[in-house]
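The primary structure of each chain is shown beneath.
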Amino acid sequence: MTELHHQTLAELAAGLRARRFSSVELARHFLARIERSNPELNALVTVTADQALAAAARADERIASGSAGPLTGLPIVHKDIFCTDGVLTTCGSRMLSNFVAPYDATVVERLSQAGVITLGKANMDEFAMGSSNETSWYGPVKNPWDLKKVPGGSSGGSAAAVAARIAPAATGTDTGGSIRQPAALTSLTGIKPTYGRVSRYGMIAFASSLDQAGTLTLTAEDSAMLLGAMAGFDPRDSTSVDAPVPDYVATLDQPLAGLRIGLLKEFFEKGLDEANGKLVRDALKVFEAMGAKLVEVSLPNLPLSVPTYYVVAPAECSSNLSRFDGVRFGYRCENPVNLIDLYKRSRGEGFGAEVKRRIMTGTYVLSAGYYDAYYLQAQKIRRLIADDFEAAFKEVDVLMGPTSPTTAFDIGAKVDDPITMYLNDIYTIGANLAGLPAMSIPCGFLGGLPVGLQVIGPHFAEGKLLNVAHRYQQETQWHKEIPANYK
Amino acid sequence: MSLTRKDVENIAHLARLAITEDEMPVYVNNLSKIVSFVDELNTADTAAIEPMAHPLKGQVQRLRPDEIADRDQHEKYQRNAARVEAGLYLVPKVIE
Amino acid sequence: MPFETVIGLEIHAQLATKTKIFSTASTAFGAAPNSQANLVDLGYPGVLPVLNLEAVRMAAKFGLAIGATVSQRSVFARKNYFYPDLPKGYQISQYEKPIVEKGRMDILLEDGSVKTIGITRAHLEEDAGKSLHEDFQGSSGIDLNRAGTPLLEIVSEPDMRSAKEAIAYLKKIHTLVRYLEICDGNMQEGSFRCDANVSVRPVGQEKFGTRCEIKNLNSFRFIEKAINYEVARQIEEIEAGRKIVQETRLYDPDKGETRALRSKEEANDYRYFPDPDLLPVVIETAFIDTVRGTLPELPDQKAARYAEKFGLSAYDASVLTASREMADFYEAVLKELGGNEKLAANWVMGELSGALNKDSVEVTESRVNANRLAGLLKRIVDETISGKIAKEVFEQMWSEGADADAIIEAKGLKQITDTSAIEKVIDDIMAANPKQLADYRSGKDKLFGFFVGQVMKSTGGKANPGQVNDLLKAKLAG
């Protein structure tokens, strides 16, 4: 039998159904791997071994009684941004280092109901603000491909856990690339669905109009399985879209002949490492061989996406994070002398530097005298960018380009320079601003480090993206590579 | 555009963030760089453009029926609070 | 130098929904602390607001009732500031695009003329919780039960020129929201609150003076006192050569003064922006039409009908329509009585209101219900008893809870209308008072009253006064 941790979710699901192993055995296997490797990776903040084994035992009963669903008994980890009832939910912050959520996020609830087992909670950039997983109060996460490198962020713990095969899949969230960029840097398949496709209820907000939950998995097929269970209308989220969820697995194999792929001119021009670009072009040739047509398209306003994002996201975050005041939950400073001292020190001590930077940026761009020049202007440019995408999707079915301008960089290399760090998101932010579904899939290695191919689709085209990714993965082996120390 | 120390102090106060003496020059520098960076936005002509607050077009607010669906769970909810007495959250005295 | 007062009011009316504006927790008043604050009300990490349909319906109802535009598209924004009773660090409110715009309300001035007060806007927002300042070892306690209760903030134009006008406007709005059944109007419980923007300017000056906002006004009496105090203070300041500082002032009902808030937020900067958790509220024409169909007869329409159809004075009509319950009572009396609108109006505003006030009960709890009052008035109309006797009967009805006929019967209060019986009494009195009779006949007309008094005394007040008058005149004349 193939090692359990070498199998995809789909393979594990088949193994469970065929009774080749039990859910409890599966959970134990991954818990053992976590115990061995998590100390060096720092991928998980909390391991919920007891609950996982209890849930696995229940899953085995369901399997035995014939009442199991396709996901019953499969273990995963949740990014620690999702509230989990009765379990520490830190959001990577000192502010929530003592916070036990009293309820489950919709994503957690739906996956639990589908029989999915939670192994633990994944480390992340503090409040999902970062592109390297270095802003976590719980310390940086290491990239399993090279422990000196970052795994990307903000879903860095989720990415490192799956890449190191200490969990077969993970949830993540993506506000400006936080699923796709770590997926690219760790050779995983990551999908950020259309805004509104997956409920945001119980997902601790960073920037409400950009945040969207998704998955990090070994294959597109695994993403399709998990996303199908996570997605769908939730009356508790006003921005959740009331539309049926297609069967993403059923359409994975559709042929790609005649697929029109748009190559984003702007993506290949600015800041892209040449070798990185070559790998992306090689990937495009694979699609051509399958009968797809390449069309160059231009999104003239796309170069403004990074500054637009770094106004909109901080503005929303500055307000979203005001609830952390040391009164009802979260970190409270010692012996406040008065109310203002309680607020200022609880927040000053509870938040890390990057979070404070963004709160202050957001406060500034919303403040009297600057609102029009920054916030309102950014919202207008956001529309221009969204309109550019809409126009492009009249010509092509999907857009492709690189996910990240570089491969994984050294821990500590960019931490003192926010602008350089922000430019990591240059290719991913557009999809968030326009609310589009987007994926990153492995497309090669440079100097032993993974490179990702990004695929962006029109609204609600998750099925098409997964189909495109799946067909590519039938033709290539990149997604099967495992970091040497975690085989 | 560059921010002064005073600017940053005002922002930090509005945002209720204590910034230490050591950190202050770093924030003045970082925030100035960030603001200069986003100043690029003002190169775009957006005269006739409607600002976009939500990424999906045509979505409107859903209205919920007026039905009570909660029971008292304050003890559970207050387990995360640092100071509680007689069911109330405690804060340093509020002076009006 | 004579000054003119300029007043604008911001009224916060709690909407009478069962649940909060953005959460499914109950809005009931008086529950144990924080027992009605759910995760959304507490601003817990990860939770999201979903708008209550009933709050939107009530706001639309109000908009239609004041002749305003009910916006087909309105937007919720966040007003950002830190305060312990504001759990999220922002209040969800409406800023640039409120749900109701440009309405008006007519008020009746003391001289009988009508003045129109402009209503700039009314918008939906969430209420804050409460800070309790009793001492918890130097701390304040926070109760968030009220947090998230829907509020309709009704903002007037600065159209009022005296505290009296302000009160008249406020009472009209208070009456209206209760007619519409969108707010219980309970000022003690804070369901209906008011902030007043007050300024003064020299008569003839066009530019407004610097205004102060007075908060914490929770009774009509306090509002009037607070405004009058504030006007006097501002005039005194200006006359002393000092400038008025724009500030928020708190009314202290114990001292009868306003004072500047100590914890003034240095340069409020609320950083309003559209709430990304909520989408634009779009109201279809069909929805507005449905709401319009649920509007009751409004107080002003009712008052106009009373004046026109019943011939009541504008003042009487406004008193009777000042609350929906009072008007309902009045109309129930009319229905039973079948006409005699003026008589009924006088009784409802006179004896009935007097008794209600004396015992501090609401008209809905009246010890004499509409049917019984009508029963009494019928006996006046058919001349079974006089108006004077009716007042005695009413007192007994109030204290004993019986109906009019039973009391009239039991006490033998039936009016004497038998001409021969009254003539017999008059004859006896003339015989017993020869001197007064002679004086009267020699020209002392004033003695007529003496004879009326004697007849009434002798009949225990039961003789029909009109008949007594007529018969006496004839007999005395000889």
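None of the values given here were measured: they were computed from a predicted structure.

1. Details of the overall build of chain A
Counting its secondary structure elements, chain A contains 16 helices and eleven strands. Relative to the globule expectation of 23 Å for 487 residues, the C-alpha radius of gyration of chain A, 21 Å, shows essentially globular dimensions. For chain A, the spread of C-alpha atoms along the principal axes amounts to about 65 × 55 × 45 Å. The 487 residues of chain A split such that 69% are buried. Look at the contacts in chain A between residues 6 or more apart in sequence, and 76% of them connect residues 24 or more apart.

2. Considering the interface of chain A and chain C
Residue-level contacts link 36 residues of chain A with 29 residues of chain C. In this assembly, chain A packs against chain C so that about 2800 Å² is buried in total across both faces, 59% of it on carbon and sulfur atoms. Considering only the surface of chain A that becomes buried against chain C, A:S238, A:R323 and A:R328 emerge as the three largest contributors, covering 22% of it. Remark: the boundary between chain A and chain C carries one salt bridge. A salt bridge links C:D277 to A:R200; the shortest N-O distance between them is 3.1 Å. Counting the contacts that link chain A with chain C gives 16 residue pairs in polar contact (both at pLDDT 80 or more).

3. A closer look at the pattern of salt bridges
Side chains that carry opposite charge are capable of pairing whenever their charged atoms lie near each other. Residue and element names in this part refer to chain C. Taken as a whole, this structure holds 52 salt bridges over all chains when the rule is applied. Between E230 and R233 there is a salt bridge, with its nearest N and O atoms 2.8 Å apart. Highlighted residues: E230 and R233, both in helix α3 (residues 220–239), separated by three residues, approximately one helical turn. Across this residue pair, the class does not change: E230 and R233 are buried. Between E230 and R249 there is a salt bridge whose closest N-O contact spans 3.3 Å. With E230 in helix α3 and R249 in strand β14 (residues 247–252), the pair connects residues that are 19 residues apart, well separated along the chain.

4. Overview of the nonpolar core
Counting 206 residues, the largest nonpolar core has A:F127, A:F287 and A:F389 as its most contacted members. Excluding residues within four positions of it along the chain, A:F287 makes contact with A:L256, A:I261, A:A292, A:M400, A:L453, A:V468 and A:Y472. C:L15, C:I154, C:L180 and C:Y251 belong to the second-largest nonpolar core, a separate cluster that totals 67 residues.

5. Observations concerning the UniProt feature "domain: Asn/Gln amidotransferase" (unreviewed entry) in chain C
Annotation from UniProt places "domain: Asn/Gln amidotransferase" (unreviewed entry) at residues 328–476 of chain C. The annotated region residues 328–476 of chain C carries 73% helix and 0% strand content, and the separation between its end C-alpha atoms amounts to 48 Å.

6. Brief notes about the state of the cysteines
Here is the idea: a disulfide is a covalent bond, and it sits between the sulfur atoms of two cysteines. On inspection of all chains with the given rule, the structure shows zero disulfides over all chains. Free of any disulfide, A:C317 has its nearest neighbouring cysteine sulfur in A:C91, separated by 11 Å. Unpaired in this structure, C:C183 has its nearest cysteine sulfur neighbour in C:C194, at a distance of 13 Å. With a relative accessible area of 4%, C:C183 lands in the buried category.

7. Section: the interface of chain B and chain A
Taken together, the contact between chain B and chain A spans 52 residues of the former and 71 residues of the latter. When the buried surface of chain B facing chain A is broken down by residue, B:L41, B:M52 and B:N80 rank first, second and third, together holding 14% of it. For A:E390, the salt bridge identified is with B:K57, shortest N-O distance 2.7 Å. Our count for the chain B to chain A interface comes out at 22 residue pairs in polar contact (both at pLDDT 80 or more).

8. Points about the UniProt feature "active site" (unreviewed entry) in chain A
All names here are of chain A. The positions that UniProt labels "active site" (unreviewed entry) are, in the present scheme, K79, S154 and S178. The largest pairwise C-alpha distance within this set of annotated residues, which runs over 100 residues, is 11.1 Å, so the set is compact in three dimensions. A residue is classified by how much of its surface remains accessible, and K79, at 0% relative accessible area, is buried. Ignoring any residue separated from it by four or fewer positions in sequence, one finds K79 in contact with K121, A122, M124, A128, S154, S155, S158, T171, G172, T173 and S178. S178 sits in the buried class, given a relative accessible area of 6%. Those residues in contact with S178 that lie beyond four places of it in its chain are K79, A128, G130, G153, S154, S155 and T173.

9. Remarks on helix α13 (residues 371–395) of chain A
The end-to-end C-alpha separation of α13(A) is 36 Å, in line with the 36 Å expected for 25 residues at 1.5 Å each. The sharpest bend along α13(A) measures roughly 30 degrees and falls at A:Q377.

10. Some words on the domain arrangement of chain C
All names here are of chain C. Domain annotation of chain C identifies domain 1 (3–290), domain 2 (297–411) and domain 3 (419–476). The centre of domain 1, based on its C-alpha atoms, is set 36 Å off from the matching centre of domain 2. Taken together, the contacts link ten residues of domain 1 with 14 residues of domain 2. In this assembly, domain 1 packs against domain 2 so that about 920 Å² is buried in total across both faces, 56% of it on carbon and sulfur atoms. Of all residues in domain 1, L108, R178 and Y179 bury the most surface against domain 2, accounting for 62% of the area lost on that side. Where domain 1 meets domain 2, there are three salt bridges. Residues R178 and E325 are paired through a salt bridge, measuring 3.6 Å at the closest nitrogen-oxygen approach. For the pair domain 1 and domain 2, the number of links is four residue pairs in polar contact (both at pLDDT 80 or more). With five residues, the top contributor of residues to the side of domain 1 that touches domain 2 is helix α2 (residues 163–179). Within the side of domain 1 that touches domain 2, the residues separate by chemical class into five nonpolar, one polar and four charged.

Criteria and thresholds
Residues numbered from 1 in each chain as written. Chains lettered and ligands numbered in written order. Predicted model: local features only at pLDDT ≥ 70, side-chain atom pairs only at ≥ 80, totals over all residues. Heavy atoms only, no water. Helix = DSSP H or I, 4+ residues; strand = E, 2+ residues; numbered from the N terminus. Rg over C-alpha atoms; globule rule 2.2 N^0.38 Å. Buried < 20%, exposed > 50% of the residue type's maximum accessible area, 1.4 Å probe, protein only. Contact = heavy atoms within 4.5 Å. Buried area = accessible area lost by both parts, 1.4 Å probe. Salt bridge = Lys/Arg side-chain N within 4 Å of Asp/Glu carboxyl O. Polar contact = N/O pair within 3.5 Å; in protein donor to acceptor, adjacent residues only side chain to side chain. Core = buried A, V, L, I, M, F, W, Y, C linked by side-chain atoms within 4.5 Å. UniProt positions renumbered as here; feature names shortened; annotations may be inferred. Disulfide = S-S within 2.5 Å. Expected span 1.5 Å × (residues − 1). Bend = angle between axes of the 7 residues up to and from the residue. Domains from an automatic or database assignment. Nonpolar A, V, L, I, M, F, W, Y, C, P; charged D, E, K, R; others polar.

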